[in-house]
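Structural features, examined
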Amino acid sequence: MAIYKRILLKLSGESLMGNNAFGICQETIDRMIAEIIEIHNMGIELAIVIGGGNIFRGVSAGASGMDRATADYMGMLATMMNALAIQDSLKQKNIEARVQSALRLDQVLEPYIRPRAIRHLSEGKIVIFAAGTGNPFFTTDTAAALRGAEMGVDIMLKATKVDGIYSADPKKGEAEKYDSISFDEAITKNLKVMDATAFTLCRDQKLPIRVFSIEKAGALKRVVMGESEEGTLVHC
């Protein structure tokens, strides 16, 4: 039985690429959608925030000479495309989903309206939030923390390619995996799983985070079932 009633799932744009260099790998997105539908069918109210790094990464583009604000707005447009792809994949499986965007594109997406989003969740629809916060200089991690707090979710789940938080990069040598860690400790140790703004917002709102690998089959279900060995819990 699931231990959460309402959750926010943060997906990076890169998680949609699979083994491709960019864009969307349909096989990868189909596998993710199957796992999302599995927890949706358990009666969990699910909101999703999606990144856009598989299409356009504002930070790297800004570093190479493009105006950072312009690059970030382009990144927001990329999240809209990813959100529509997820919505379409869910629709093909007869799962009702709504995309709400922090930037207005009314012919295609709903504008972000908090009461409407909460109503969608309570009606059993999956809500996908696009365009980050709608402002440059803020990451989609911060958008996920903000939307999670606004939606009153029980926990924020950050899906990554790594199965938790480590003391150092596990790909570069020995590193200790944390089963749980406090927000203050994660910020003090400068553990780069989420940006400091997102960590601080979650800490202030007492919104726990679990970091886990989306590439492990069944990991999402195990997380919502409360299996503590899956990923790392960040708490107050």
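The preceding data block contains the structure.
Let me sum up the structure you'll find in this document. From a predicted model like this one, the values you see are computed outputs, not experimental measurements. (Residues numbered from 1 in each chain as written. Predicted model: local features only at pLDDT ≥ 70, side-chain atom pairs only at ≥ 80, totals over all residues. Heavy atoms only, no water.)

Counting its regular elements, the protein chain contains eight helices and 11 strands. Against the compact-globule benchmark of 18 Å for 236 residues, the protein chain has a radius of gyration of 17 Å, which places it among compact chains. Across the 236 residues of the protein chain, 48% fall into the buried class. As displayed, the protein chain offers around 11,100 Å² of accessible surface, 51% of which is attributable to carbon and sulfur atoms. Looking at the protein chain, you have 28 positive and 29 negative side-chain charges, and the mean spots of the two groups are 3 Å apart. (Helix = DSSP H or I, 4+ residues; strand = E, 2+ residues; numbered from the N terminus. Rg over C-alpha atoms; globule rule 2.2 N^0.38 Å. Buried < 20%, exposed > 50% of the residue type's maximum accessible area, 1.4 Å probe, protein only. Areas by Shrake-Rupley, 256 points an atom, 1.4 Å probe, with all protein chains shown as cover. Lys, Arg positive; Asp, Glu negative; His and termini not counted. Charge placed at Lys NZ, Arg CZ, Asp CG, Glu CD.)

Turning next to unusual backbone geometry. At Ala131, a residue that is not glycine, the phi angle is positive and equals roughly 70°. Along the chain, Ala131 falls in the loop between β5 (126–130) and α5 (140–151). The phi dihedral of Asn190 falls on the positive side, at around 55°, and the residue is not glycine. Within the element layout of this structure, Asn190 appears in the loop between α6 (183–188) and α7 (196–204).

Bringing the pairing of strand β2 (residues 45–50) into the picture now. With six of its six residues buried, β2 lies for the most part within the structure. Neither face of β2 is open: one carries Glu45, Ala47 and Val49, the other Leu46, Ile48 and Ile50, and all of them are buried. Relative to β2, strand β1 (residues 6–11) runs parallel, the two being bridged by six bridges. Considered in β2, the bridge of Leu11 is made with Ile50. What joins β1 to β2 is helix α1 (residues 26–40), and the crossover it makes is right-handed. Pairing of β2 with β5, which is carried by three bridges, proceeds in the parallel orientation. Across the sheet, the residue bridging to Ile48 is Ile128, located in β5. (Pairing = 2+ DSSP bridges. Right-handed = clockwise from strand over helix to strand, strands pointing away.)

Contact geometry for α5 and α7: axes closest at 8 Å, N-to-C directions at 10°. Here α7 runs roughly parallel to α5, going by the angle between their axes. In this structure, the crossing between α5 and α7 has a hand that is left-handed. Taking contact as the criterion, the partners of Asp141, Thr142, Ala145 and Leu146 in α5 are, on α7, Thr197, Ala198, Leu201 and Cys202. (Axes fitted to C-alpha atoms, helices over the stretch in contact; angles between N-to-C directions. Parallel < 35°, antiparallel > 145°, perpendicular 65-115°, else oblique. Left-handed = near helix turned anticlockwise from the far one by under 90°. Contact = heavy atoms within 4.5 Å.)

Soluble globular proteins tend to pack their nonpolar side chains together in the buried interior. Formed by 38 residues in total, the largest nonpolar core has its most connected members in Leu9, Leu11, Ile36, Leu90 and Ile128. Contributing elements (two or more residues each) for this core: β1, α1, β2, α3 (68–92), β3 (97–101), β5, β6 (155–160) and α8 (219–224). In contact with Leu90, not counting residues within four places along its chain, are Ile33, Ile36, Ile37, Ile95, Ala97, Ile126 and Ile128. With 27 residues, the next largest nonpolar core counts Leu8, Ala117, Ala144 and Ile165 among its residues. (Core = buried A, V, L, I, M, F, W, Y, C linked by side-chain atoms within 4.5 Å.)

Function-wise, these values are silent; they only describe arrangement.
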